[in-house]
Every structure is written in C-alpha cells, then in structure tokens.
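# Coordinate inspection notes
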Amino acid sequence: MNSRTGIARGLTALAITLGLAVAPVAAQVQNGSFENGLNHWVAQDLDDPYFPLGVRPDGSPGFFTVTPTRGEHALYHGFDGGGPGTISVSQDLTVPKDRTMLLFDTRAGWDVFDSGLDRWFRVLVEPVGGGDALAAFDVLRAAGGTFVPDTGDVTTAVDLSEFGGMNVRLVFAWWVPEWYTGPAGFQLDHVRLEGRKPDVMERLRLRARFRMGQPGGDSLRLTMTVPVGPDWDPAGQLVMVQVGDMDRSFMLDAAGRGETFDAKLRVREMKKEPGALTLRLALRKSDLEDLRNGKGMGNRTTAKGGETVSIPVRVQIDGVWTERQVMVVYRARQHVRGVFKGAQVGELKHARLGIALDFAHPDRDRLALRMFALPHGGFLPFDEKVTVRIGSWEETFVLDENGKGDVDRARIRLRRQKRDPGTCDVVLTCRKASLAEVFAQDGLVDANVFPPGDTPFLPVTVELGDRTAQAVLAVTYVAAQGKKGVALGRF
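One structure accompanies this document, and this report is about it. (Residues numbered from 1 in each chain as written. Predicted model: local features only at pLDDT ≥ 70, side-chain atom pairs only at ≥ 80, totals over all residues. Heavy atoms only, no water.)

A separate point is the overall build of the chain. Broken down by element type, the chain carries two helices and 33 strands. Principal-axis analysis of the C-alpha atoms places the extent of the chain at approximately 75 × 50 × 40 Å. In the chain, buried positions account for 51% of the 491 residues. For the chain, contacts bridging at least 24 residues in sequence account for 68% of all contacts bridging at least 6. (Helix = DSSP H or I, 4+ residues; strand = E, 2+ residues; numbered from the N terminus. Buried < 20%, exposed > 50% of the residue type's maximum accessible area, 1.4 Å probe, protein only. Contact = heavy atoms within 4.5 Å.)

So this is what it looks like as structure tokens:
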C-alpha cells in the first residue's frame with residue numbers, strides 16, 4: 001500500500017463533508033511563487049536544520065544553486081538536520097471546480113551516505129486548519145545510501161478533482177527520519193491550480209509578423225492581464241513593455257492610452273477583477289529586427305510545421321514589473337516572411353497508465369502509457385533523447401524526425417500539442433515483454449490481490465532535455481496468483 005492509506009482505491013472513497021464553517025479562504029494558491037517571502041504560508045522547520053527553511057533569491061548557494069522557475073525567488077531548505085522531524089509549508093484554500101489540477105516545480109539533490117532510511121516528500125490534503133490527512137501523495141523518495149547530485153527541474157501534476165469546490169489545507173511535507181545523515185537540498189516554486197482555461201491573471205496572447213528585408217514592414221500584437229494597486233490612476237503613468245529584445249515606453253493619458261511613432265497602447269480596468277488591467281499593445285509598420293533576431297528566430301526557413309520559441313514578456317506599470325514566459329510557434333521562409341503566435345493556455349494535464357502482467361507465460365506482459373512532456377524552446381524531435389520512468393521500469397529512446405523511437409519491444413511517440421506548444425503528448429506502448437520481475441519491486445506482486453485492490457506508489461516521469469514532467473497517479477492493482485495482475489491509473 002502507498003501513502004494514500006486513509007482512502008480506499010486512491011481518492012474514490014472521498015465522499016466526505018468537511019464541515020467547513022471556517023474563515024473564508026482564497027480560490028487559488030496565493031504567493032505560489034514565493035515572491036513575497038512566506039506570506040500566506042504556514043511554515044514548520046526542524047529545530048536544528050541543516051539549511052533553514054526559507055525563501056531565497058536566484059543564485060543563492062546551497063546543495064545546488066537556487067534557480068527559480070518563476071520570478072526571482074523560490075522556497076529552499078536543506079532536507080536534512082536534527083531529525084526525526086518534518087519540514088512543511090501549508091496554506092488553506094478553496095479548490096475551484098474548474099481548476100483542480102495542482103502543478104508545482106521542484107528540484108532536489110542529496111547524499112544520504114550514512115542512512116538506511118528513506119527521506120520523502122509528499123503532498124497532503126487536510127481539513128482547513130489542519131488535522132488527519134484526507135489524502136497523501138508520494139512525490140519523491142531519497143533512498144537511504146544513495147547519492148543524487150541534482151534531479152533538475154521537475155514539474156509535477158497532482159489531480160485534486162475529488163476536492164473540487166471544497167475548502168482544504170494544502171500541505172507540502174518533507175520527512176527527515178534521522179539526525180544528520182547526509183547533506184541535501186530541496187527547491188519548491190510556482191505552485192498553482194490549473195484547469196482548461198488559464199487563471200485571469202495569467203492571460204496572454206502574442207503574435208508578430210516579419211517581412212524579411214523590408215524595414216518598417218513588421219507588426220506585433222500583445223494582449224495580457226497586469227496587476228495594479230487599489231488607487232491606480234492612469235493619468236501620467238509610465239508603462240514599459242519588453243517582448244524579447246524589443247522594448248517600448250509609453251506615457252498614459254487619463255483614458256489609459258499611450259502612443260509612439262509606431263505603437264499604440266491601451267489599458268482598461270477589469271470590472272470583474274479588482275486590481276487588474278487588460279493591456280493591449282499594437283505595433284504596425286515597425287522595425288522589429290531586435291525581436292526577430294532573438295534566440296530561436298531570424299531570417300531562415302523553419303522546419304515543417306514551425307518551431308517552438310520561448311519568449312519573455314515584461315511589463316512595468318504602476319511601478320511594478322509583471323513577467324511572463326510564453327511559448328510560441330515560429331514559421332518562416334528565408335528572405336520572405338516570418339510569423340509567430342502563442343498564448344497562455346490552461347495547464348490541465350492528462351495521464352493514463354495500464355500494466356498487464358501474465359504470470360503464467362513469460363514475455364507476454366504489456367504496458368501502455370499516455371503522458372505529457374515539457375519540451376524546451378527550439379525543440380525538434382530529431383536525435384532528442386527521452387527517458388521514461390514508471391516505478392522501477394526505465395527506458396531511454398532516441399527520437400527520429402517524426403518524434404518516434406523504439407527500443408526492443410517498447411515504442412514511443414511525441415507530438416506537440418496544437419493549443420499548447422509548450423507541451424507534448426506522449427504515447428508509449430510495450431508488448432510481449434517481461435515486466436513482472438521489475439514491477440514486483442513496486443508492489444505488483446504475483447499474489448492474490450482482491451478488489452478493491454492495492455494502491456502501490458508508482459511515479460511516472462518523462463525526462464526530455466533538461467526538463468522533467470511527473471504525474472502522481474492513483475494506481476489500483478488487482479491480481480490472481482499464478483495467473484495475471486492488472487494495474488490501472490489515470491487523471
């Protein structure tokens with residue numbers, strides 16, 4: 001059994017009324033990128049930590065150098081010290097019915113040289129104010145006696161749909177089982193709840209058109225949401241907009257308009273979102289050579305279907321910088337034209353796993369996985385390596401130009417999502433293979449396991465370049481000894 005022990009069959013038995021006659025809570029993670037320190041978070045550290053729990057700026061030293069994935073700060077601690085004890089941060093919130101996918105970015109490293117006990121990192125869901133866990137999701141284990149210098153950036157998805165519309169306490173917890181058994185480090189950043197549509201404060205659309213060799217023939221449009229203070233007044237406000245290496249400055253009038261020789265800017269307050277503005281920027285008959293010659297673009301012919309480019313967008317208004325990173329698809333024909341467009345979309349993720357073990361016949365086991373991967377800017381599948389880990393099973397593939405790869409009896413295909421070029425759909429199949437011995441290490445044993453079945457911890461990760469995607473699935477396993485075993489999980 002895995003750590004979801006309080007709930008039979010993963011979360012399906014969670015038909016619990018929490019009795020939430022409590023103080024109101026926010027319908028989104030507040031300060032999820034820790035740009036405002038530990039505001040909105042309840043923090044707990046070891047009495048004698050190896051490296052104290054806290055918010056660190058980009059470049060801070062530790063087991064590895066702190067490198068935030070969103071903004072300029074991240075949560076960091078030493079994941080070691082005077083144990084046994086728990087390190088944690090928590091926040092009370094409402095899980096919106098249309099935003100039930102919990103996503104967060106982590107990075108970890110450890111040298112557990114003097115221990116036979118595992119350290120672990122879990123996400124817990126508790127009643128508002130704390131209490132016995134309603135659900136617990138194993139995310140990472142640092143096994144005793146192991147050395148992992150750096151996991152790299154990992155984006156993890158946890159399905160909280162069973163809690164949609166409910167007030168809960170969200171807890172990130174790290175267990176240190178002993179007293180100083182080896183140095184380590186852990187970084188947490190960009191905690192958010194996502195759905196099919198992006199949060200109103202994350203909305204952004206960007207598109208541009210370049211006419212190669214024709215100065216003054218370029219155009220660009222940007223629409224995004226930006227925050228302002230409660231007493232904001234547009235008159236006389238300085239607004240600075242940076243898109244890649246392009247920048248423009250405007251002085252607003254009382255109607256929220258600004259204009260330069262090649263650009264027009266308009267900002268309007270959002271009636272249903274106090275403290276937020278809709279910003280619209282339009283450039284026509286411009287020279288955008290600085291933007292066009294930025295990383296990943298230029299005067300060239302792109303691959304069929306275009307190529308992905310990650311573009312930073314920064315806006316200063318009311319004295320505050322708002323920063324976004326948007327993935328666009330760039331299509332170009334050398335000496336003729338280039339076009340890109342992209343938008344911030346909802347980060348709802350999907351994953352499905354099926355494992356069928358035939359204990360009576362070797363080489364008849366099967367595996368099927370639908371998952372997601374996070375490609376880097378400029379991703380082209382040819383000759384890219386992708387590593388898939390499902391519990392103790394691991395395989396590395398080298399992709400061809402169509403995003404396909406095969407090793408022995410396993411095949412994989414990656415395809416860029418049309419609505420979100422920052423995500424690839426992954427389809428993996430493995431047939432007529434011997435998998436039983438490997439998955440026995442994860443609890444898929446040759447024994448009688450009757451319904452409703454066991455729920456073994458079976459993390460699923462896809463590593464592509466320097467980015468890793470992880471899905472925490474509620475996997476259910478049933479088996480008949482000497483015959484077959486079946487494990488299924490999805491969100």
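The next thing to look at is the environment of V123. By the element assignment, V123 lies in strand β6 (residues 119-126). As for V123 and S88, which are separated by 35 residues in sequence, their C-alpha atoms are 9.7 Å apart. Discounting chain neighbours no more than four positions away, the residues touching V123 are L102, F104, A135, A136, F137, V139, L170, V171 and F172.

This part covers the packing of aromatic side chains. The tally for this structure, following the rule as stated, stands at 15 aromatic pairs. Between F51 and Y76, the aromatic rings sit 5.3 Å apart at their centres with planes inclined by 90°, giving edge-to-face as the arrangement. Placement of the pair is F51 in the loop between β1 (42-44) and β2 (54-57) and Y76 in strand β3 (residues 73-77), with a sequence separation of 25 residues. Judged by its relative accessible area of 25%, F51 is partly exposed. Accessibility expressed as a relative area gives 1% for Y76, which makes it buried. (Phe/Tyr/Trp six-rings, centres within 6.5 Å; stacked < 30°, edge-to-face > 60°.)

Next up on the list: the pattern of salt bridges. In the structure shown here, the tally under the stated rule is 16 salt bridges. In this structure, D262 and R248 form a salt bridge, with 2.9 Å as the shortest nitrogen-oxygen distance. Taken together, the residues D262 in the loop between β16 (257-259) and β17 (263-269) and R248 in strand β15 (residues 246-251) connect sequence positions 14 residues apart. The same class applies to D262 as to R248, namely buried. A single salt-bridge network, built from bridges that share partners, covers R70, E202 and R324. (Salt bridge = Lys/Arg side-chain N within 4 Å of Asp/Glu carboxyl O.)

Our focus in this paragraph is the sheet that holds β6. Spatial strand order, β1-β4-β10-β6-β7: five strands in an open sheet with antiparallel pairing. Looking at which strands have only one partner, the edges of the open sheet turn out to be β1 and β7 (135-142). Averaged over neighbouring strand pairs, the angle between their axes works out to 15° when direction is ignored. Here β6 pairs with β7 via seven bridges, running antiparallel. When the sheet's bridge partners are listed, V125 is paired in β7 with A135. (Pairing = 2+ DSSP bridges. Axes fitted to C-alpha atoms, helices over the stretch in contact; angles between N-to-C directions.)

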